[in-house]
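Given next are the chains, with one letter for each unit.
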Amino acid sequence: MQVSVRDNNVEQALRALKKKLQREGVFREMKLKQHFEKPSVKKAREKAEAIRRARKLARKKAQREGMMPWQNQWLQGLWHHWLVQGYYKPVD
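About the thresholds
Residues numbered from 1 in each chain as written. Predicted model: local features only at pLDDT ≥ 70, side-chain atom pairs only at ≥ 80, totals over all residues. Heavy atoms only, no water. Helix = DSSP H or I, 4+ residues; strand = E, 2+ residues; numbered from the N terminus. Buried < 20%, exposed > 50% of the residue type's maximum accessible area, 1.4 Å probe, protein only. Contact = heavy atoms within 4.5 Å. Areas by Shrake-Rupley, 256 points an atom, 1.4 Å probe, with all protein chains shown as cover. Salt bridge = Lys/Arg side-chain N within 4 Å of Asp/Glu carboxyl O. Patch = residues over 30% accessible without salt bridge, like charges linked within 9 Å, V, L, I, M, F, W, Y side chains within 5 Å. Lys, Arg positive; Asp, Glu negative; His and termini not counted. Charge placed at Lys NZ, Arg CZ, Asp CG, Glu CD. Expected span 1.5 Å × (residues − 1).

**Q** Sorry, what's going on with the overall build of the chain here?
**A** When helices and strands are counted, the chain shows four helices and zero strands. The helix and strand sequence of the chain, counted from the amino end, reads α-α-α-α. Dimensions of the chain, computed from C-alpha atoms along their principal axes, come out at roughly 50 × 45 × 25 Å. Burial status across the chain gives 8% buried among its 92 residues. Put simply, 3% of the contacts in the chain that link residues at least 6 apart link residues at least 24 apart. For the chain, the accessible area works out to roughly 8800 Å², and carbon and sulfur atoms hold 55% of it.

Below, the structure is given as structure tokens:
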């Protein structure tokens with residue numbers, strides 16, 4: 001991973017590095033590896049995470065298709081903007 005420092009602005013480069021590490025999940029992985037996790041507990045955690053991801057994906061799909069109301073008006077407006085601007089093309 002590489003972050004460039006522009007105009008001797010180390011603080012901005014550090015923020016960018018932290019953001020990249022957060023997106024990659026490095027902080028989360030470090031936290032999980034602080035203590036030993038039994039294989040059965042790890043398997044249960046990963047299964048619960050997969051279920052959470054699947055539910056979130058299904059919920060977002062239902063919202064896009066109009067089968068479920070939007071929880072956040074800002075997201076609804078953003079979704080409408082994407083459709084109007086052509087950023088997202090629904091698959092028929």
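**Q** How should I be thinking about the pattern of salt bridges in this particular structure?
**A** Pairing of side chains with opposite charge becomes possible as their charged atoms draw close. Within the structure shown, the criterion is met by three salt bridges. Close ionic contact of Arg28 with Glu49 constitutes a salt bridge, the shortest N to O distance being 2.2 Å. With Arg28 in helix α2 (residues 26-32) and Glu49 in helix α3 (residues 39-64), this residue pair connects regions lying 21 residues apart in the sequence. Residue Arg45 is joined to Glu49 by a salt bridge in which the shortest nitrogen-to-oxygen separation is 3.2 Å. Residue Arg45 and its partner Glu49 are both found in helix α3; the two are separated by four residues, about one turn of the helix. Through salt bridges with shared partners, a single network forms among Arg28, Glu37, Arg45 and Glu49.

**Q** What should I look at first to understand a positive patch on the surface in this one?
**A** On the surface, Lys56, Arg59, Lys60, Lys61 and Arg64 cluster together to form a positively charged patch. As for its position among the elements, Arg64 is in helix α3. On the accessibility criterion, Arg64 (33% relative accessible area) is partly exposed.

**Q** Explain a nonpolar patch on the surface here, please?
**A** On the surface, a nonpolar cluster with roughly 410 Å² of combined accessible area is contributed by Trp82, Leu83, Tyr87 and Tyr88. Within the secondary structure, Tyr88 is located in the segment after α4 (73-85). Residue classification places Tyr88 among the partly exposed residues on the basis of a relative accessible area of 31%.

**Q** Explain α3 here, please?
**A** For α3, built from 26 residues, the straight-helix expectation of 38 Å at 1.5 Å per residue is met to within 8% by its first-to-last C-alpha distance of 37 Å. For α3, the full list of buried residues reads Glu49, Ala62 and Gln63. If you follow the buried residues of α3, they end up packed against α2. Just beyond α3, the residue with positive phi is Gly66, at close to 80°.

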